[in-house]
Amino acid sequence: MFVTSAFAQESAPAVEGGHTGTEGDTHSGTGVPAEAHGVFPPFDPATFPSQLLWLAITFGLFYLFLKKVVMPRVGGIIDVRNDRITQDLDHAARLKGEADAAVAAYEQELAEAKTKANAIGQQANDAAKAEAEAARKKVEAALDQKLGEAEARISAIKANAMKEVGTIAEDTASAIVEALVGGKASKAEIAAAVKSVAR
Amino acid sequence: MAADKVDPIHQFHINKLIPIEIGGYDLSFTNSALFMVATVAVASAFLYLSTSSRSLVPSRLQSVSEMAYEFVGNMLRDAAGTQGMKFFPLVFSLFMFVLVANLLGLFPYFFTVTSHIIVTFGLAALVIGTVVVYGFMKHGLGFLKLFVPHGVPVYLLPLVVLIEVISFVSRPVSLSVRLFANMLAGHITLKVFSGFVVSLSALGTLGIAGSVLPLAMAVALTALELLVAFLQAYVFAVLTCMYLNDALHPGH
């Protein structure tokens, strides 16, 4: 805001010809701005052509530079970023769709597998039951057969034993008769006697 | 001499650095021109260098440039619609130029380009000139509908048209004076309070103790001026957008 003394020059009267009552010396070089110079600097028309010219030059170049270089670049950066974000969002949405589909497929497969597992379990259960039933029947049949055989054998043994009881009784009776009577009784007589007693 | 040192007007003096005179006009390269060049150089360099890496994820400086770009872009789109985007380079360069000129002016010993009415008037004239030229190019005489609002009774029309014309003509004046006066007043106030610090300090111990008050004031004013520097650039850009909207849609 201070201006160094080296630059402290009076520019205003140079062109306009001292209408403001200035010293007329454009290079005072004292470092003291001319207080006598009555025009408030921003309203000094003498500086207008120069300021307008340099404003036109500098602002014009600035405008061209921004329009040709900076703005396409910044706009490009922002567009690229927006494109990238849109692209990434699309990508994310697609991945999410894929993930959802995978979850659905997984659940379906899971359900199928469950049904299948149930079916297999049921089947295995049924098969096991049938097998057990068959085994049981077989064992029962075998047992029945064995029982029958055993019964038959028992009855055969019984009949045999009964028959042998008759023979023993006849032998015994003949021995008793022999001992008591001292003579031999006929076999047929004894057998008949035994049979009649056994009845 | 002491009075000269605290002269708050001193900072607005124009000094010739390279005297140039063409056709009787003084076109010297002055301190004002120097700071116009500095403004353009700083703004261009910042915008150019901060975006040079073109990062997808911006650095801090790059995001400042992008924010400025999108800020002005949204401002223009809101005010003038998508058709207004053809003026984006103009509004963006106006905003950046005024903003950087205001901010540079806040540095001690720096010249404030926008504290000269002719500079702000030049920018305002550029805006209004663009509005008028583009308005007539696009709508022909239909652009004059700008001065005839809809739904006004016929007997009131002359008065309303007169008011509209006056308001249109005063636009470049208000646009330029607003910026100029804000910068001028702010810098004078700042200088006056800073001058108090110097003057009081010269009075001895008591004066040095007392100079704390104007110093605090100067610090606070500097913060305020920072706000004003941004705000005035924003206001300038917003009004530019609204005036450009008139050029695009003169029928309201």
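Remember, it's a predicted structure, so these values are computed and weren't measured experimentally.

Visitor: Sorry, what's going on with the overall build of chain A here?
Guide: Scanning chain A from terminus to terminus reveals 3 helices and 0 strands. Seen in sequence order, chain A has helices and strands lined up from the N terminus as α-α-α. Taking the intrachain contacts of chain A between residues at least 6 apart in sequence as the baseline, contacts between residues at least 24 apart amount to 36%.

Visitor: Before we go on, may I ask you to explain the UniProt feature "transmembrane region" (unreviewed entry) in chain A in this structure?
Guide: Mapped onto this numbering, the UniProt entry annotates "transmembrane region" (unreviewed entry) at residues 48-66 of chain A. A helix fraction of 100% and a strand fraction of 0% characterise residues 48-66 of chain A, whose end C-alpha atoms lie 26 Å from each other.

Visitor: Help me out: how do you make sense of the UniProt feature "coiled-coil region" (unreviewed entry) in chain A in this one?
Guide: In the numbering used here, UniProt assigns the feature "coiled-coil region" (unreviewed entry) to residues 96-149 of chain A. The annotated region residues 96-149 of chain A carries 100% helix and 0% strand content, and the separation between its end C-alpha atoms amounts to 77 Å.

Visitor: Is there a simple way to think about helix α2 (residues 48-181) of chain A in this case?
Guide: Structural remark: α-helix, 3.6 residues per turn; residues separated by three or four positions point the same way. Residue and element names in this part refer to chain A. Over its 134 residues, α2 runs 187 Å from end to end, which matches the ideal 200 Å to within 8%, given 1.5 Å per residue. A maximum bend of about 45° is found in α2 at L66. Little of α2 sits out of view: just 12 of its 134 residues are buried. Of all the positions in α2, only S50, Q51, W54, L55, T58, F59, F62, L66, V70, V74, I77 and E170 are classed as buried. One or two positions beyond α2, positive phi appears at G182, with a value near 80°.

Visitor: How should the interface of chain B and chain A be read in this particular structure?
Guide: Interface size is commonly expressed as the accessible surface area that is lost when the partners come together. Across the contact, 52 residues belong to chain B and 43 residues belong to chain A. Broken down by secondary-structure element, the contributors of at least two residues to the side of chain B that touches chain A are β1 (16-18), β3 (25-26), α2 (31-50), α3 (60-80), α4 (88-105), α5 (117-139) and α6 (157-201) of chain B. With 10 residues, the top contributor of residues to the side of chain B that touches chain A is α2 of chain B.

Visitor: Would you mind showing me how to read the nonpolar core here?
Guide: The tendency in soluble globular proteins is for nonpolar side chains to be buried side by side. Counting residues in hydrophobic clusters, the biggest one holds 55 residues, and the most contacted among them are V91, F95, F97, V98 and A237 of chain B. Among the elements of the structure, α2 of chain A together with α2, α3, α4, α5, α6 and α8 (212-248) of chain B are those that each provide at least two residues to this core. Element by element, the count of residues in this core is highest for α4 of chain B, at 11 residues. With residues up to four places along the chain from it excluded, the contact list for A237 of chain B reads V72, M75, V91, L94 and F95 of chain B.

Visitor: Any chance you could explain the UniProt feature "transmembrane region" (unreviewed entry) in chain B here in plain terms?
Guide: Residue and element names in this part refer to chain B. With numbering matched to this structure, UniProt assigns "transmembrane region" (unreviewed entry) to residues 33-51, 87-111, 117-136, 148-170, 190-216 and 223-245. Helix makes up 85% of residues 190-216 and strand 0%, whereas the separation of the span's terminal C-alpha atoms amounts to 11 Å. The span residues 223-245 shows a helical share of 100% and a strand share of 0%, and its end C-alpha atoms are spaced 33 Å apart.

Thresholds, definitions, all that
- Residues numbered from 1 in each chain as written.
- Chains lettered and ligands numbered in written order.
- Predicted model: local features only at pLDDT ≥ 70, side-chain atom pairs only at ≥ 80, totals over all residues.
- Helix = DSSP H or I, 4+ residues; strand = E, 2+ residues; numbered from the N terminus.
- Contact = placed C-beta atoms within 7 Å.
- UniProt positions renumbered as here; feature names shortened; annotations may be inferred.
- Expected span 1.5 Å × (residues − 1).
- Bend = angle between axes of the 7 residues up to and from the residue.
- Buried ≥ 20, exposed ≤ 12 C-beta atoms within 10 Å, placed from the backbone.
- Core = buried A, V, L, I, M, F, W, Y, C linked by C-beta atoms within 7 Å.

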